[in-house]
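So you can see what is in the structure, the chains are spelled out below.
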Amino acid sequence: MALVLENVSKSVAGELHIDNISLQLEPGTFNVLLGRTLSGKTSLMRLMAGLDRPSKGRVLMDGKDVTGLPVRKRDVAMVYQQFINYPSMTVYKNIASPLRLAKVDAAEIDRRVREVAEMLHIEDLLERLPVELSGGQQQRTAIARALVKDTQLLLLDEPLVNLDYKLREELRIEMRDIFKRRKSIVVYATTEPLEALALGGNTAVMDEGRLEQFGNTIDVYQHPQSIKIAQAFSDPAMNFVRGEVAEKTVKFGSAAEIPLQGHLFDLTEGDYQFGMRAGHLHLNRKSAADVAFQADVDLAEISGSETFVHVAHNGSSWIVQRQGVHQHAMGEQVEVYVDPSRLYVFNRHGERVVSPGNFQEVLN
Amino acid sequence: MARIELKNLAHSYHSKPKSEADYALQQMDHVWEDGQAYALLGPSGCGKTTLLNIISGLVKPSEGTVSFDGEDVSALLPQERNIAQVFQFPVIYDTMSVYDNLAFPLRNRGLAETDIRARVNEVAEMLELDDVLTRRAANLSADAKQKISLGRGLVRSDVAAILFDEPLTVIDPHLKLYLRRKLKQIHARFKLTMVYVTHDQLEALTFADKVVVMHAGQVVQIGTPQELFENPQHTFVGYFIGSPGMNILPCNMDKGLATISGSVIPVGAVHESLSGAHELGIRPEFLRLHAAAVAGTVKVTIRETEDLGSCQIARVKMGDHSLKVKLDEGDTVPTEEGYLEFPPKWIRIYADGKLVEPDRSLKSDVEIAQ
Amino acid sequence: MKKWEDNKAWFMVIPVFLVVAVSAILPLMTVVNYSIQDIFGPDNRVFVGLEWYQEVLSDTRLHDALKRQLLFSSLVLLIEIPLGVLIAMLMPKRGWGASLSLVLVALPLLIPWNVIGTIWIIFTRPDIGLFGAAINALGVPFDHTAAPFDAWVTVLLMEVWHWTPLVVLLAYAGLQAIPEAYFQAARIDGASTWATFRYIQLPKMRGVLTIAVLLRFMDSFLIYAEPFVLTGGGPGNSTTFLSIYLVKLAVGQFDLGPAAAFSMIYFLIVLLFCWLFYQALLKVGTGDKS
């Protein structure tokens, strides 16, 4: 049964950390909390776990009001950023500890510890102490300990943030496989849009203690309801250009006008912000319909298999994401092209009007 | 400014190293050109910091020599080597103003105050510190402090090389871009030899003309970002550079064909002379996944496809081996099974982890990249 | 904010509250009580208001003791802090030399106060004491039992010998905490030893030196054992520091009222000085000109 937050708020010392959040999470689902540092992810998790009591609102588990029920009496496990294990216990005893506390019999403990250890590929390290493990192995141990008890609610607070990027890449994929088979409600906090996408499931975008949007991860990514959400859920950042719609055409500052067609067809006259994903900007023309913008290269950042070309257009900074490795000199003049059918449109309040492949207008 | 030469260089922290495993740095010979920006890249424990400390003189190598412009400096102390170094955590003189911090190295060397003023002002302007020159350095943000540490190196006209030890560790993410750009500008203007240690591939590849990839105490490749991506000299480079990394599969070579768990893949005439056990490497972006069989393709089962927004990663199984295939956003990915094409142009063959150079003398209808 | 589950934590703190109450607050209140009453017997007490305070404040012997005390504490700080920093700088930073020198330096701190007094009485005796006899042999007359100046110097020496090690330990810990990168950067910048000390080591030791100054000031301001063991405050009143005078007043003359008022004033003076030092040292080197 589900975990339900009803109009939950939390303030600490007069400061609002969680602002009126309502959310329902179903068992067997994987839920990502996405938002920058201090957006309220950890605070929200603490409320879900029962580590903190909400200042307002209710928390329901299986339809029962558990607001104020201490964490000890709830069925919950948590994994943190830091690798937290019992330093004097072996990996085996670490993983077994929640079961021992729950007085599970020894044979059952053994079976479950080995099963979960195998799942996390630490079955050969069971007799080691945490100090003898690498960072990745320590975090695997902590995750195994959280998984072993099959809790109703499993919370992971940026568990991969302190690992190097190759390990992060590997563990992400493993996590996706591990959590797919669970009956628990899994909640996973991260600051990285790419991590949310790689993990799949549902995503709740948070900003300044508010829940901005919740839904299927790829849907939220493709159809952000506001500029704020689009910004929180894009890496590299989404690029914006102002445009004016009049007489069934859009005019973007210095660039050529384009006729309203496709998903832009129903735009009413007025000013809009047009959003363009970095991957949809190109330095060469792909089709005759492309809009071209003049820009200067600021810096080309190379990730290894991709190049992020930072350019300046008319005072705004954009990022063009290119596949492969490309060198660009600072100050180089380029033409940036975008296919109009890839444009996101936001109104002057930052609310989405239309997104590519979505013709539904925002009410209000 | 200087050309840095490493001759028979090796280092062990043990006094009497017995085996290769006792060496933090395996024997190496390299020449780093004057005025170039080098990045030492590798995971923690690969020996990159040891190498940097040997160049700066903080560690004395147990074997071999370091020369700057042909002059052996192995026995010299850091202060005798005319290098400057920027550390992981900003080192500033807390009680001094920004101006005095920048002037400090020059005052210690007894320069006239008028010369100091001119030099400090020039560097401060370059680093955009001119507005805060009179402020106390201790009260500034981490990025400004890091610029001051860099500035203390730049004010000196005698600096042979500037060394950086993960200098952006404590910098806010949104300021990193600005500092990376600043570093590139400074490099373009002063044409100083720069050596930059980092474990972050984005930082290394963005900063450097040449990236020195290190693994287990060894330099596995020195190359431009493009060379590292397109032509990894070592399987470790293929794995470490790029996200996701290169697919590496054990294979058996015979007459220009690679056999991987029963599937046969043509690798081109340039590898015709190879036989026996090797490894085949190909990057996920160069594999093509077809829904129906095409000549030269291999049947694979598709385990899962991750939609990453700007691209998709399909995880496929070929016999016992897993591969990743990178597809464009919006591409239709076949479900259950598909057919994988290995363009020979992008296939790399490795023996014991090292790249086997294609034999271009063999007539080939396949063009090898580069 | 309600901490419903964690209320138990308050119960855990109760024992400490009780200990503090019994050991500090209750005695202090007793002293306050004494300082505003004239007590003739258990059932015979008179409220006198601030009379005792007035009396104590106009007492010239107290003024002399206070001046003596301030001079003494200032000298203690002027000698112990630089000396402690110097010794800490000269100590080896690592290896067995570091451990050995730490043990040697810490030795005086491990000796009970009355033993220290006895050691120094014997050490400075003009007839058989190593120090006293040697100094006399050099032609400098020295006798701490007769010459006020000599007694004074002896108490100062005792204090310095006993407590400089504490400053050394604090300064040493402060020096060890400076990241190696600072010294490397200073070497690369061509800084001299003095410049390294002046611009890196000293500023980085500010925190521990603040603590050292506070501790040494408070301790030396409350000094009792050394002069008591050596000469009991003599010869004359030359080593009658504040606490010696207080004890003379309370125990010797049994003037409980004035002694209590004196205690309160004494307490406030120590508090005031500590606050002043703390404020001053917080601002040193931070660039805060306010």
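Residues numbered from 1 in each chain as written. Chains lettered and ligands numbered in written order. Predicted model: local features only at pLDDT ≥ 70, side-chain atom pairs only at ≥ 80, totals over all residues. Heavy atoms only, no water.

Asker: What is the right way to read the overall build of chain C from this model?
Answerer: If you tally the helices and strands in chain C, you get 13 helices and 2 strands. Counting only C-alpha atoms, chain C reaches 75 × 75 × 40 Å along its principal axes. A total of 290 residues make up chain C; the buried ones form 39% of that total. Partitioning the contacts of chain C with sequence separation of at least 6, the portion at a separation of at least 24 is 66%. Summed over its atoms, the accessible surface of chain C is roughly 15900 Å², and 73% of this surface lies on carbon and sulfur atoms. (Helix = DSSP H or I, 4+ residues; strand = E, 2+ residues; numbered from the N terminus. Buried < 20%, exposed > 50% of the residue type's maximum accessible area, 1.4 Å probe, protein only. Contact = heavy atoms within 4.5 Å. Areas by Shrake-Rupley, 256 points an atom, 1.4 Å probe, with all protein chains shown as cover.)

Asker: Before we go on, may I ask you to explain the overall build of chain B in this structure?
Answerer: Counting its secondary structure elements, chain B contains 8 helices and 21 strands. Summarising its shape, the C-alpha atoms of chain B cover approximately 75 × 50 × 35 Å along the three principal directions. Counting all 370 residues of chain B, 57% fall into the buried class. Sequence-distant contacts, at least 24 apart, represent 66% of the contacts inside chain B between residues at least 6 apart. For chain B, the accessible surface area stands at approximately 15200 Å², while carbon and sulfur atoms represent 47% of it.

Asker: So what exactly am I meant to see when it comes to the interface of chain A and chain B here?
Answerer: Listed as interface residues are 33 residues of chain A and, on the opposing side, 32 residues of chain B. Summed over both partners, the interface of chain A with chain B comes to about 2900 Å²; 53% of that surface belongs to carbon and sulfur atoms. Run the count over chain A and chain B and you get 8 salt bridges. Here A:Asp298 ties to B:Arg181 by a salt bridge, and the two come within 2.6 Å at their closest N and O atoms. Between the two partners, chain A and chain B, sit 16 residue pairs in polar contact (both at pLDDT 80 or more). At the level of secondary structure, the elements contributing two or more residues to the side of chain A that touches chain B comprise α5 (165–180), α6 (193–199), α7 (217–222), β16 (291–302), β17 (306–313) and β18 (316–323) of chain A. (Buried area = accessible area lost by both parts, 1.4 Å probe. Salt bridge = Lys/Arg side-chain N within 4 Å of Asp/Glu carboxyl O. Polar contact = N/O pair within 3.5 Å; in protein donor to acceptor, adjacent residues only side chain to side chain.)

Asker: How should the packing of aromatic side chains be read in this particular structure?
Answerer: Pairs of aromatic rings are described using the distance from one ring centre to the other and the angle between the two planes. Counted by the stated rule, this structure contains 34 aromatic pairs over all chains. When the centroid spacing of 5.2 Å and the interplanar angle of 90° are considered together, the rings of C:Trp120 and C:Phe123 count as edge-to-face. One end of the pair is C:Trp120 and the other is C:Phe123, both in helix α5 (residues 113–123) and 3 residues apart, which spans about a single turn. These aromatic residues form a ring-pair network of at least three members: C:Phe217, C:Phe221, C:Tyr245, C:Phe262, C:Tyr266, C:Phe273 and C:Phe277. A:Lys166 extends its terminal NZ or CZ atom over the ring of B:Tyr239, reaching a point 5.0 Å from the ring centre. Sitting over the face of the ring of A:Tyr221, A:Arg277 holds its NZ or CZ atom 3.8 Å from the ring centroid. (Phe/Tyr/Trp six-rings, centres within 6.5 Å; stacked < 30°, edge-to-face > 60°. Lys NZ or Arg CZ within 6 Å of the ring centre and 35° of its normal.)

Asker: Would you explain the sheet that holds strand β13 (residues 258–259) of chain A in this entry?
Answerer: The strands making up a sheet associate through backbone hydrogen bonding, with each pair oriented either parallel or antiparallel. Residue and element names in this part refer to chain A. If you trace the 6 strands from one edge of the open sheet to the other, you get β13-β12-β11-β14-β20-β21, paired in antiparallel fashion. Sheet topology places β13 and β21 (352–354) at the edges, where each strand pairs with a single neighbour. Both strand β20 (residues 344–346) and β21 contribute to a ladder of 2 bridges, which runs antiparallel. From the neighbouring strand, Phe 346 faces β21, where its bridge partner is Arg 352. (Pairing = 2+ DSSP bridges.)

Asker: Explain a negative patch on the surface to me, please; I cannot follow it from the model alone.
Answerer: Residues B:Glu33, B:Asp34, B:Asp69, B:Glu71 and B:Asp72 make up a contiguous surface patch of negative charge. Along the chain, the position of B:Glu71 falls in strand β5 (residues 71–72). (Patch = residues over 30% accessible without salt bridge, like charges linked within 9 Å, V, L, I, M, F, W, Y side chains within 5 Å. Lys, Arg positive; Asp, Glu negative; His and termini not counted. Charge placed at Lys NZ, Arg CZ, Asp CG, Glu CD.)

Asker: I keep staring at the environment of A:Lys180 and nothing clicks. Help me out?
Answerer: The residue A:Lys180 is located in helix α5 in this model. Separated by 150 residues in sequence, A:Lys180 and A:Phe30 place their C-alpha atoms 7.7 Å apart. Within the structure, the side chain of A:Lys180 is placed 3.2 Å from the side chain of B:Glu304, a separation counted as a polar contact.

Asker: What exactly am I supposed to notice about the sheet that holds strand β10 (residues 218–223) of chain B here?
Answerer: All names here are of chain B. The strand order across the open sheet built from 6 strands is β6-β7-β8-β3-β9-β10, with neighbouring strands paired in mixed fashion. Every interior strand has two partners, whereas the edge strands, β6 (83–86) and β10, have only one. Each strand of the sheet is rotated relative to its neighbour by a mean of 20°, with strand direction disregarded. Note: strand β3 (residues 37–41) against strand β8 (residues 193–198), 5 bridges, orientation parallel. Looking at the pairing, Ala 37 lines up with Met 194 of β8. Contacts from helix α1 (residues 48–56) reach β3, β6, β7 (161–165), β8 and β9 (210–215) within the one sheet, and its direction differs from that of β7 by about 150°. (Axes fitted to C-alpha atoms, helices over the stretch in contact; angles between N-to-C directions.)

Asker: Which parts of the structure should I look at to understand α1(B)?
Answerer: Each turn of an α-helix holds 3.6 residues, which means side chains three or four residues apart point in the same direction. Residues and elements named next belong to chain B. Judged by how many residues are buried, α1 sits mostly within the fold: 8 of 9 residues are covered. Of the residues making up α1, those classed as buried are Lys 48, Thr 50, Leu 51, Leu 52, Asn 53, Ile 54, Ile 55 and Ser 56. Of the residues trailing α1, Gly 57 is marked for its positive phi of about 95°.

Asker: Looking at this structure, how should I read the environment of C:Leu202?
Answerer: Residue and element names in this part refer to chain C. Turning to its location among the elements, Leu 202 is positioned in helix α9 (residues 193–204). C-alpha of Leu 202 to C-alpha of Met 29: the two residues are 173 residues apart in sequence and 42 Å apart in space. Contact partners of Leu 202, with chain neighbours within four places excluded, come to Phe 197 and Leu 209.

Asker: Explain helix α2 (residues 91–101) of chain A here, please?
Answerer: Residues and elements named next belong to chain A. Most of α2 is tucked away: 8 of the 11 residues are buried. Taken residue by residue, α2 has Val 91, Tyr 92, Asn 94, Ile 95, Ala 96, Ser 97, Pro 98 and Leu 99 as its buried positions. Buried residues belonging to α2 abut α3 (106–119) and α4 (135–147). Lys 103 lies just past α2 and shows a positive phi near 55°.

Asker: How should the confidence of the model for chain B be read in this particular structure?
Answerer: For residues with low pLDDT, the predicted coordinates do not support detailed interpretation. When pLDDT is averaged across chain B, the result is 90; 97% of the residues are at 70 or more. pLDDT under 50 marks residues 364–370 of chain B. Its contacts with residues more than four places away, or in other chains, come to 15 contacts. (pLDDT = per-residue confidence, 0-100.)

Asker: Teacher, can you tell me more about the packing of helix α7 (residues 148–176) of chain C against helix α10 (residues 206–221) of chain C here?
Answerer: How two helices sit against one another is set out by the angle between their axes and by the gap between those axes. Residue and element names in this part refer to chain C. One way to put it is that α7 packs onto α10 with a least axis distance of 9 Å and a crossing angle of 160°. As far as their axial angle goes, α10 and α7 are roughly antiparallel. Judged by the sense of rotation from one axis to the other, the crossing of α7 with α10 is right-handed. Seen from α7, the contacting residues are Glu 159, Trp 163, Leu 166, Val 167, Leu 170, Ala 171 and Gly 174; seen from α10, they are Val 208, Ile 211, Ala 212, Leu 215, Arg 216, Asp 219 and Ser 220. When its residues are assigned to classes, the contact of α7 with α10 shows 9 nonpolar, 2 polar and 3 charged. (Parallel < 35°, antiparallel > 145°, perpendicular 65-115°, else oblique. Left-handed = near helix turned anticlockwise from the far one by under 90°. Nonpolar A, V, L, I, M, F, W, Y, C, P; charged D, E, K, R; others polar.)

Asker: Honestly, the side chain of B:Asn247 in this entry has me stumped. Any pointers?
Answerer: All names here are of chain B. Following the sequence through the fold, Asn 247 ends up in strand β11 (residues 247–254). Engagement of the side chain of Asn 247 in a polar contact is seen with the backbone oxygen of Lys 324, the distance being 2.9 Å. Ignoring anything within four residues of it in the chain, the contact list for Asn 247 reads Leu 280, Gly 281, Ile 282, Arg 283, Pro 284, Leu 287, Leu 323 and Lys 324.

Asker: So what exactly am I meant to see when it comes to the environment of C:Ala134 here?
Answerer: All names here are of chain C. For Ala 134, the position within the fold is in helix α6 (residues 130–137). Classification of Ala 134 as partly exposed rests on a relative accessible area of 39%. A C-alpha to C-alpha distance of 44 Å links Ala 134 and Ala 260, two positions 126 residues apart in sequence.

Asker: Help me out: how do you make sense of the confidence of the model for chain C in this one?
Answerer: Residues and elements named next belong to chain C. Mean pLDDT over chain C: 83, with 94% of residues reaching 70 or higher. Mean pLDDT in chain C bottoms out at strand β1 (residues 37–41), which sits at 75, and peaks at α9, which reaches 92. This complex was scored by the predictor with a pTM of 0.81 and an ipTM of 0.87.

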